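A closer look at the structure
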Amino acid sequence: MADARAAAYLRFLPAIYGDELDVSFSLQLGVGEGSNFTALPVSTSGGMQCDGSTWKSAMTFCDAKEAVESCGRARDWGAHVWSAADVQAALEDDSLRARVELQIWGFREDETSFPIGRGAFGAVFNSLKRYAGGQPAYLRAGEVVVPVTREDSAVEARLLEKGILPGSDLRIMGMRHPDSGEEIFSTELLEPERRGDVDLLLRPTSSVAIKEKVEYPLRVKGKDVPFLLSRFALGAFVPRFLALAATDVLAVLLATALATAPLPLALAGRQLLSFYVIPTTSMAPTLAKGDILLVDKSPLRHVPSKGDIVLFKPPEKLESLLPASAKGGVQYRGDLFVKRVVATAGDKGIRVNENGDVFEGDAPLPGRRDLCEDEPLGLIRKMLQANAAGTVDEVDEKSVYVLGDCAKVSVDSRVWGLLPVEDIVGRPVARIWPLTRAGLVK
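Everything numeric in this text was worked out from a predicted model, so none of it was measured. (Residues numbered from 1 in each chain as written. Predicted model: local features only at pLDDT ≥ 70, side-chain atom pairs only at ≥ 80, totals over all residues. Heavy atoms only, no water.)

From N to C terminus, the chain includes nine helices and 25 strands. Relative to its full complement of 442 residues, the chain shows a buried share of 46%. Counted over contacts in the chain with a minimum sequence separation of 6, partners at least 24 positions apart contribute 69%. When the accessible surface of the chain is split by element, carbon and sulfur atoms take 55% of a total near 22400 Å². (Helix = DSSP H or I, 4+ residues; strand = E, 2+ residues; numbered from the N terminus. Buried < 20%, exposed > 50% of the residue type's maximum accessible area, 1.4 Å probe, protein only. Contact = heavy atoms within 4.5 Å. Areas by Shrake-Rupley, 256 points an atom, 1.4 Å probe, with all protein chains shown as cover.)

Structure (structure tokens):
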């Protein structure tokens, strides 16, 4: 599609578990080298710079197990702001380049939740402590804040005038010093009476809170949002609930149903069910990136059938293709993959041609897998040329052959071969978010 977006992310690879960095960064994708570098346009600048070709943000980069995005902590961070067509064209002639500028504001060691009580645990506790009075002791770039009105109609009118929905979740994309205008990462070192003069760059974390004809990120003074709460604060629940009700009433009904579920039922459900967020577009349009699924974790009673969608741990060859930080015996949530079973025990002569099409003998495997809307970047063709799994003479009883519904971007059995049934950890039952697409997964 013409408006499809490509993404670029920075990933932190800590040398030692517990290391973390406070970083602000700017990111450009473009073509050419040195003085001939031409940056590709972006759909939004993120924060700080607004030159039309640079995406900028700030974040505390840490290990995935210590990440809490609401506190401004992540293992990788970036955005889908480049035209997929532009990126595809640059990839095809091998001219795509990236430029990154980093400002490191702080480095810490031993930031682990257990047994030290720092890391993610400490960040949440610190967030609650800083925002205890309704106005934070200080602000940090990357974290999510919730503006509230305290039933002050003048404050509410001022927020709405600036495009801020009271009760919505806003991420601090960056901030500037009140005197010099230079970028800063935190207001902690400023005199308390000057913290309200800091320029904040804010962006809603949810698309439902984004208003038309408002340019994001919003640039406001700290004193323009006089009452802020942590996303975890008990006092933020009602404002957030009302903001959600104003934008998505179906979400309110779901939240109410989950909140009123009987406790024994909830405890039993944790052993059999879990939630999973779709991380890529490899199963589009069936499952879109960002969809939240309810997953059946009960032990397999039978080998999955053709057409079943399964979640699984990466088998050995797939794991060898992953970044080094995703290995080491620790399974992160993002390490799970989701694909559709297309061949089972007894199926013979499965082969892949140069275009990535899959055949059983001379006949194409049933089912269309070219329905995805994302602009293909040609990466799968290159991966198949380098890592194709080859022909499967016959699928054995302990394995299945899986493919993504979006063949042009899916890294699946065409690349790494058969999936051992023992690596399957669950089956999606239903999509629960977004509510406009909620329903059974097929």
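This next bit is on the sheet that holds strand β18 (residues 348–352). Spatially, four strands are ordered β20-β19-β18-β21 in an open sheet, and the strand pairing comes out antiparallel. Strands with a single pairing partner mark the edges of an open sheet, and in this sheet they are β20 (363–364) and β21 (392–394). Summarising the sheet, strand β19 (residues 358–360) and β20 pair through two bridges and their orientation is antiparallel. Across the sheet, residue Phe-359 finds its bridge partner in β20, namely Pro-364. (Pairing = 2+ DSSP bridges.)

Moving on: the pattern of salt bridges. Pairs may arise between side chains of opposite charge once their charged atoms sit close together. Counted by the stated rule, this structure contains 23 salt bridges. Asp-347 is paired through a salt bridge with Lys-306; the nearest N and O atoms lie 3.1 Å apart. One end of the pair, Asp-347, is in the loop between β17 (337–343) and β18; the other, Lys-306, is in the loop between β15 (292–296) and β16 (309–312), and 41 residues separate them in sequence. (Salt bridge = Lys/Arg side-chain N within 4 Å of Asp/Glu carboxyl O.)

Looking now at the nonpolar core. One finds Phe-25, Trp-55, Phe-61, Trp-77, Trp-82 and Val-87 to be the most contacted residues of the largest nonpolar core, which totals 25 residues. Of all the elements in the fold, those that place two or more residues in this core are β1 (5–11), β2 (20–31), β4 (55–61), β6 (76–83) and α1 (84–92). A per-element tally of this core places β2 first, with five residues. Leaving out residues up to four positions away in the same chain, Trp-77 has contacts with Tyr-9, Leu-10, Phe-25, Trp-55, Ser-57, Met-59, Phe-61, Glu-69 and Arg-171. (Core = buried A, V, L, I, M, F, W, Y, C linked by side-chain atoms within 4.5 Å.)

As a further point, take the environment of Ala-39. Among the structural elements, Ala-39 can be located in strand β3 (residues 38–39). Setting aside anything within four residues of it in sequence, one finds Ala-39 in contact with Gln-28, Leu-29, Gly-30 and Ser-53.

Here we come to unusual backbone geometry. With the exception of glycine, most residues fall at negative phi, and the peptide bonds are largely trans. Here the amide bond leading from Ala-284 into Pro-285 is cis, since omega sits at 0°, within 30 degrees of zero. Position of Pro-285 among the secondary structure elements: in the loop between β14 (273–277) and β15. Although it is not a glycine, Asp-110 adopts a positive phi angle of roughly 60°. Mapped onto the fold, Asp-110 is located in the loop between β7 (96–108) and α2 (119–130). Backbone geometry at Arg-150 places phi at a positive 55°, although glycine is not the residue there. Residue position: Arg-150 is located in the loop between β8 (144–147) and α3 (153–161).

The next point concerns a negative patch on the surface. A contiguous patch of negative charge, built from Asp-393, Glu-394, Asp-396 and Glu-397, is present on the exposed surface. Positionally, Asp-396 belongs in the loop between β21 and β22 (399–403). Of the residues examined, Asp-396 reaches a relative accessible area of 36% and is grouped as partly exposed. (Patch = residues over 30% accessible without salt bridge, like charges linked within 9 Å, V, L, I, M, F, W, Y side chains within 5 Å. Lys, Arg positive; Asp, Glu negative; His and termini not counted. Charge placed at Lys NZ, Arg CZ, Asp CG, Glu CD.)

Keep in mind that these numbers describe shape and distance, not what the molecule does.
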